[in-house]
Amino acid sequence: MSTDQEVGSVRDSVYCAAAVWSLYQTYRRINDDRGKSCQLGQSTVKCMRGILQCWIKQACRVELFKQRQSNQHALHSKFHFHTGEEIYPDDFHNHLQIDVVSLYIIFLVQIITSGLQIIYTRGTTKS
């Protein structure tokens, strides 16, 4: 874990979101009437959306990787906390992060299945 106050790791953030989400699930089951479950749920959503926003900034890398499947176009997994920008240059960070992406997707599906809305889509309405 980084001691730097400006560097965020996707892996660490996913694990933190999973821990907070677990607490959300617990408070939700005990019928928390003080709003703690809502706060925990929103903290989970904010963390997962933050990771997604960092990766959305790298969408061009995903497209290049789909075409060439090269380590050169790997997604970064360390970001600046406040800006969401990549921390390390490409020549320092040229390895695949498939395990981190997989970890994120696994928890994303679990969290969405539990009822939290992380991804908004346009044109959908509730009936």
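Residues numbered from 1 in each chain as written. Predicted model: local features only at pLDDT ≥ 70, side-chain atom pairs only at ≥ 80, totals over all residues. Heavy atoms only, no water.

Peer 1: Can you help me understand the side chain of His76 in this one?
Peer 2: By the secondary structure assignment, His76 is in the loop between α3 (59-68) and β2 (78-80). A distance of 3.1 Å separates a polar atom in the side chain of His76 from a polar atom in the side chain of Arg61. (Helix = DSSP H or I, 4+ residues; strand = E, 2+ residues; numbered from the N terminus. Polar contact = N/O pair within 3.5 Å; in protein donor to acceptor, adjacent residues only side chain to side chain.)

Peer 1: Where do I start with the UniProt feature "transmembrane region" (unreviewed entry) in the protein chain in this structure?
Peer 2: Sequence positions flagged by UniProt for "transmembrane region" (unreviewed entry) are, in local numbering, residues 101-120. Split by type, residues 101-120 is 65% helix and 0% strand. Its first and last C-alpha atoms lie 20 Å apart. (UniProt positions renumbered as here; feature names shortened; annotations may be inferred.)

Peer 1: Honestly, the packing of aromatic side chains in this entry has me stumped. Any pointers?
Peer 2: The description of two aromatic rings rests on the distance between their centres and on the angle between their planes. Applying the stated criterion across every chain, the model contains 1 aromatic pair. Aromatic side chains Trp55 and Tyr104 sit 5.3 Å apart centroid to centroid with 80° between the ring planes, which places their arrangement in the edge-to-face category. Taken together, the residues Trp55 in helix α2 (residues 36-56) and Tyr104 in helix α4 (residues 98-113) connect sequence positions 49 residues apart. Residue classification places Trp55 among the buried residues on the basis of a relative accessible area of 9%. (Phe/Tyr/Trp six-rings, centres within 6.5 Å; stacked < 30°, edge-to-face > 60°. Buried < 20%, exposed > 50% of the residue type's maximum accessible area, 1.4 Å probe, protein only.)

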